[in-house]
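# Chains, contacts and geometry: an overview
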Amino acid sequence: GASTSRGGLCSGAGVVLGRPPVAGECYAGLRAAERLASMHRDLMKLASLDSLTWIFNRRAFFERAEEAHAQIAIIGTFSGIMADIDHFKRINDVYGHDMGDKAIREVAGIIASVGPIVGRLGGEEFALLLPGADLAAAAAIADTLQREMAALQPHRGTEAVEWTCSLGGGGLQPGRGVDEVPRAAG
């Protein structure tokens with residue numbers, strides 16, 4: 001077998017050359033490696049996001065929650081807000097799945113505007129972490145979110161579609177696990 005020390009690393013494709021690499025081959029190999037790394041980053045991002053809402057999926061949300069939890073000694077506490085679209089099955093049954101998807105996207109967009117650690121935990125269930133926020137701050141944010149969600153006025157054709165969301169908040173203190181965030185907020 002040929003040795004990779006003769007230029008295979010510069011080619012970016014594992015091709016072993018029978019001569020020293022030409023600058024253009026090295027450049028092409030580096031560009032190929034850069035494209036491969038970019039595709040890998042894109043795949044990792046897609047694996048972390050919910051495909052309907054583009055917020056964190058359940059797994060990625062709890063990974064970010066663990067990272068925040070590791071900083072709890074520094075930030076003191078953090079709060080969480082849970083949001084659930086009320087009677088979601090009825091929305092799908094009466095107005096169709098397109099309207100159900102729209103409701104999920106609308107609610108996710110409102111919640112995502114508040115902070116960077118937001119995820120879709122289930123079908124119509126969302127969570128938002130607020131590192132450093134106490135219960136009073138979380139309650140104020142939940143109140144604002146509730147008003148924004150109530151102001152949504154979606155339509156299907158000329159028909160107004162109504163939906164409501166329930167929100168709850170809670171705090172997480174040092175020594176409690178991040179899996180307790182949904183229970184504390186519920």
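Keep in mind it's a predicted model, so treat the numbers as computed, not measured. (Residues numbered from 1 in each chain as written. Predicted model: local features only at pLDDT ≥ 70, side-chain atom pairs only at ≥ 80, totals over all residues. Heavy atoms only, no water.)

A separate point is the overall build of the chain. Secondary structure summary: the chain contains 8 helices and 6 strands in total. The order of helices and strands in the chain, counted from the N terminus, is α-α-α-α-β-α-α-β-β-α-β-β-β-α. Split into buried and exposed, the 186 residues of the chain put 37% on the buried side. Long-range pairs, those at least 24 residues apart, make up 62% of the contacts in the chain with a sequence separation of at least 6. Carbon and sulfur atoms make up 57% of the accessible area of the chain, which amounts to about 10600 Å² in all. (Helix = DSSP H or I, 4+ residues; strand = E, 2+ residues; numbered from the N terminus. Buried < 20%, exposed > 50% of the residue type's maximum accessible area, 1.4 Å probe, protein only. Contact = heavy atoms within 4.5 Å. Areas by Shrake-Rupley, 256 points an atom, 1.4 Å probe, with all protein chains shown as cover.)

Here we come to the nonpolar core. Counting residues in hydrophobic clusters, the biggest one holds 27 residues, and the most contacted among them are I85, V107, I111, F126 and W163. Within the residue set of this core, elements represented by two or more residues are β1 (78-85), α5 (88-95), α6 (97-112), β3 (125-131) and α7 (135-150). Sort the elements by how many residues they give to this core and α6 lands first, with 7 residues. What W163 contacts, discounting residues up to four positions off in sequence, is I91, M99, K102, A103, E106, V107, L152 and P154. (Core = buried A, V, L, I, M, F, W, Y, C linked by side-chain atoms within 4.5 Å.)

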